[in-house]
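Chain and residue survey
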Amino acid sequence: MTRPAVVLLALVLGWPTLAIAQGDCFPGPESNEAKTMAIFAVPLAFSRGNAPDRFSGFNAGLELAYLPKVSDALATPTICRPGKGPEHTDLLFAIPRPRFGMPLPLGLTLQASWVPPVRVNGVKANLFGISLEKAFGGLGGLVAAVRAHATFGSIHAPIVCDDQALQDVTSECFGGTRSDDRLSPNIMGLDLAIGGSLAGGRLRPYGGAGYNRLQPRFQVNFTNRFGETDRRRVTVNLDRLVVFGGATWQLAGRLGLTGELYAAPTDAITGRLIVRTAVGP
């Protein structure tokens, strides 16, 4: 068989070896791939989740962050897999995240979180968040806080080829195995928050802004109907300005409730609800 005939047969059969051989991908900041990962970074960033406080003690809580929807147009790759349909990005409505806080010497406060690797609706996260902040008292009872934070770990989900795509004869996923792709968000940032107090100190509104450095890494893990596995990696580096605002309401006893809006104006906005209780004396 001549070489042109072999190439033509491969195209007719949808031979995915040609696509797999393309290697790793480095889309620019204006690509759909970069914009999609930037949207995911908004709810995954480890925000402060409470009003600035100079005298915070040991505490534990649970955060629920809304996951913004990604349109089909934006979820359609433009650089790494041109011609492929939309990726399966809307897997969960929200992501829960346990949070823990503790005071440190020199007036510093450490917060940390861990989402354990439990699979829910096809999504398994092993995600860590950590922050270190310093609060300062000001005029009129105002409190300002400077904070450094990071989010790292991984999220596994069938993003490239979900069950529906496996049954679509027009899709390159047809007849293969459901993918178990990995997203590592790799978010680092700095922010400044200023808060006050109302209702005798029980209500503490706050607001602020910051800068996030995004270095998301996405790896495909899909085996097609020919038994060939696609392990292509997608690498993106982005810089984002963020703004946020919310309020902490001190309920009866040790319990506190915080509502927060967090946004990267160029990408998305998310809402967070955090329930927290003091631990220890």
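This text gives an overview of the structure that appears in the document.

Parameters at a glance
- Residues numbered from 1 in each chain as written.
- Predicted model: local features only at pLDDT ≥ 70, side-chain atom pairs only at ≥ 80, totals over all residues.
- Heavy atoms only, no water.
- Salt bridge = Lys/Arg side-chain N within 4 Å of Asp/Glu carboxyl O.
- Helix = DSSP H or I, 4+ residues; strand = E, 2+ residues; numbered from the N terminus.
- Buried < 20%, exposed > 50% of the residue type's maximum accessible area, 1.4 Å probe, protein only.
- Polar contact = N/O pair within 3.5 Å; in protein donor to acceptor, adjacent residues only side chain to side chain.
- Contact = heavy atoms within 4.5 Å.
- Core = buried A, V, L, I, M, F, W, Y, C linked by side-chain atoms within 4.5 Å.
- Phe/Tyr/Trp six-rings, centres within 6.5 Å; stacked < 30°, edge-to-face > 60°.
- Pairing = 2+ DSSP bridges.

Turning next to the pattern of salt bridges. One pass over the structure, following the stated rule, counts 17 salt bridges. Note that Arg119 is salt-bridged to Asp180, the shortest N-O span being 3.6 Å. Taken together, the residues Arg119 in strand β4 (residues 119–120) and Asp180 in the loop between α5 (163–166) and β7 (181–184) connect sequence positions 61 residues apart. Measuring nitrogen to oxygen at the nearest pair gives 2.6 Å for the salt bridge that ties Asp267 to Arg240. On the criterion of sequence distance, the pair formed by Asp267 in the loop between β15 (255–264) and β16 (268–278) and Arg240 in strand β14 (residues 238–250) is long-range, its members being 27 residues apart. Side by side, Asp267 and Arg240 carry an identical accessibility label, which is buried. A single salt-bridge network, built from bridges that share partners, covers Glu63, Arg97, Arg99, Glu260 and Arg272.

This part takes up the environment of Ala252. As for its placement among the helices and strands, Ala252 is situated in the loop between β14 and β15. For the pair Ala252 and Arg202, spaced 50 residues apart in sequence, the C-alpha separation works out to 9.6 Å.

Another point: the side chain of Asn50. In this structure, Asn50 sits in the loop between α3 (32–44) and β1 (59–66). Looking at Asn50, its side chain comes within polar contact range of the side chain of Gln111, at 3.3 Å. Apart from residues no more than four positions distant in its own chain, Asn50 is found in contact with Gln111, Tyr206, Thr248, Thr258, Glu260 and Arg276.

Right, let's talk about the nonpolar core for a bit. One finds Leu44, Phe218 and Val234 to be the most contacted residues of the largest nonpolar core, which totals 47 residues. Non-local contacts of Val234, meaning those with residues more than four positions away in its chain, are made with Cys25, Pro27, Met37, Cys80, Pro216, Arg217 and Phe218.

Our focus in this paragraph is the packing of aromatic side chains. Under the counting rule described, the total for this entry stands at 4 aromatic pairs. With a centroid separation of 6.2 Å and an interplanar angle of 15 degrees, the aromatic rings of Trp114 and Phe128 are classed as stacked. With Trp114 in strand β3 (residues 108–115) and Phe128 in strand β5 (residues 123–137), this pair connects stretches of sequence that are 14 residues apart. Residue Trp114 is classed as partly exposed on the basis of its relative accessible area of 40%. Among the residues examined, Phe128 registers a relative accessible area of 30% and is labelled partly exposed. Within the aromatic cluster, the residues linked to one another by ring pairs are Trp114, Phe128 and Phe152.

Moving on, we get to the pairing of β7. For strand β6 (residues 143–157) and β7, the ladder comprises 3 bridges, and the chain directions are antiparallel. Along β7, the bridge assignment pairs His156 with Arg182. With 3 bridges connecting them, β7 and strand β10 (residues 217–219) associate as antiparallel partners. Paired with Arg182 across the two strands is Gln219, which belongs to β10.

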